[in-house]
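# Chains, contacts and geometry: an overview
Listed here are the chains, written in short residue letters.
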Amino acid sequence: MKKERIELVKGDITTIDADAIVNAANNSLLGGGGVDGAIHNAAGPDLLVECRTLEGCETGKSKITGGYSLKAKYIIHTVGPVWYGGHRDENSLLASCYRTSLDLAKEYNIKTIAFPGISTGAYRFPKNLAAQIAVNETKKFLAENKYPEKVIFVAFSGEDYQSYRKILDQ
Ligand code: ADP
C-alpha cells in the first residue's frame, strides 16, 4: 500500500475538499451536537429532509446522503459506539464504522473521503485507541481496494493531530 493514500490534516471537516466527508452521527440520523451539528449547519436544511427518509442507522453501520451546500458531494453518516469502558464490543463496533464507511466509498467510486475522530467527543472513546483503530482499519481496507484512492483523517485539535501523527509514523 502506498503511504500517500492516507493524509492527516488539522481543521474543520465541513471545509474539507473531498468527494465525501464522514459524519459522527447518532442512531436517529436526525442531527445532534459536535461534528454532526456542524455538518448539518454547513450542509443546510435539505440534508435533514433526506436524513428523515433513512429511518435511522444501527451502531457500527453507515448510510450515505448528498452533501448539499458542502464542497463534498456526499456525506457518509456512521454511528459510533458510546464508550462504556471497553467491554461492550466498542472496539469492533468502531472498526465497523470505518469499514462500512469505506465500503460505501468504494460502492460510490469515491476518490477521496475525510473522517473525523468517530466516537471521540460526546461518546467518550479514548482518543489514542480510536485513532489506532481508525488507522488499522483504513490501512487494511486500502491494501485490498482501489477505491477510495485517498483517506484524509481530520484532527480537530493539536492533541488529536499529534496522536494520529505518531500512529501514522510507526
Ligand atoms: P461522537 O458523538 O461520535 O463522540 P462528536 O461530534 O462529539 O461525536 O465528536 C467526534 C470528534 O469530532 C471529536 O474528536 C471532536 O473534537 C471532533 N469534531 C467536532 N467538531 C468537528 C469539526 N467541525 N470538524 C472535525 N472534527 C470535529
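Residues numbered from 1 in each chain as written. Predicted model: local features only at pLDDT ≥ 70, side-chain atom pairs only at ≥ 80, totals over all residues. Heavy atoms only, no water.

### Considerations on the layout of surface pockets
To find the voids left in a structure, one rolls a probe of water-molecule size over its atoms. Considered as a void within the structure, the largest pocket measures approximately 640 Å³ in volume. Of all the elements in the fold, those that place two or more residues in the lining of the largest pocket are strand 2 (20-25), helix 1 (34-43), helix 4 (127-144), strand 6 (150-155) and helix 5 (158-169). Tallied by class, the residues present in the lining of the largest pocket amount to 16 nonpolar, twelve polar and four charged. (1 Å grid on protein atoms, 1.4 Å probe; cavity = no way out; pocket = protein on both sides within 12 Å on 5 of 7 lines; lining within 4 Å. Points joined across faces, edges and corners; volume = space filled by probe spheres on them. Helix = DSSP H or I, 4+ residues; strand = E, 2+ residues; numbered from the N terminus. Nonpolar A, V, L, I, M, F, W, Y, C, P; charged D, E, K, R; others polar.)

### What about helix 4?
Residues lying three or four places apart along an α-helix face the same way, a consequence of the helix completing one turn every 3.6 residues. For helix 4, built from 18 residues, the straight-helix expectation of 26 Å at 1.5 Å per residue is met to within 8% by its first-to-last C-alpha distance of 26 Å. Against the buried residues of helix 4 lie strand 1 (6-10), helix 3 (90-107), strand 6 and helix 5. (Expected span 1.5 Å × (residues − 1). Contact = heavy atoms within 4.5 Å.)

### Topic: the sheet that holds strand 1
Taking strand neighbours across the sheet as the criterion, the six strands line up as 1-6-5-2-4-3 in an open arrangement whose pairing is mixed. In this open sheet, the two strands that pair with only one neighbour each are strand 1 and strand 3 (62-66). Shown here is a sheet whose adjacent strand axes are inclined to one another by a mean of 25°, direction ignored. The sheet strands contacting helix 5 are strand 1 and strand 6, and the helix crosses strand 1 at an angle near 160°. (Pairing = 2+ DSSP bridges. Axes fitted to C-alpha atoms, helices over the stretch in contact; angles between N-to-C directions.)

### A short note on the site of the ligand
Around the ligand sit 15 residues in total, of which D12, V35, T120, G121 and A122 are the nearest. Contact distances for the ligand include 2.9 Å between a nitrogen atom and a side-chain N or O atom of D12. Burial of the ligand by the protein amounts to 88% of the accessible area it has alone, namely 560 Å². Most atoms of the ligand, that is more than half of them, are within 2 Å of grid points of the largest pocket. Sort the elements by how many residues they give to the shell around the ligand and helix 1 lands first, with three residues. Classifying every residue of the shell around the ligand gives seven nonpolar, six polar and two charged. (Near = heavy atom within 4 Å. Polar contact = N/O pair within 3.5 Å; in protein donor to acceptor, adjacent residues only side chain to side chain. Areas by Shrake-Rupley, 256 points an atom, 1.4 Å probe, with all protein chains shown as cover. Sits in = over half its atoms within 2 Å of the grid points.)

### Let's talk about the packing of aromatic side chains
In total, this model carries five aromatic pairs according to the counting rule given. Pairing F153 with Y164 gives two aromatic rings, centres 5.1 Å apart and planes at 25°, and the pair type is stacked. In this pair, F153 is assigned in strand 6 and Y164 in helix 5, connecting sequence segments eleven residues apart. F153 sits in the buried class, given a relative accessible area of 0%. Owing to a relative accessible area of 6%, Y164 belongs among the buried residues under this scheme. Aromatic ring contacts, followed pair by pair, group Y98, F115, F153 and Y164 into a single cluster. We note R124 situated over the ring of Y84; from NZ or CZ to the ring centre the distance is 5.8 Å. (Phe/Tyr/Trp six-rings, centres within 6.5 Å; stacked < 30°, edge-to-face > 60°. Buried < 20%, exposed > 50% of the residue type's maximum accessible area, 1.4 Å probe, protein only. Lys NZ or Arg CZ within 6 Å of the ring centre and 35° of its normal.)

By themselves, these are just geometric observations and shouldn't be taken as functional.
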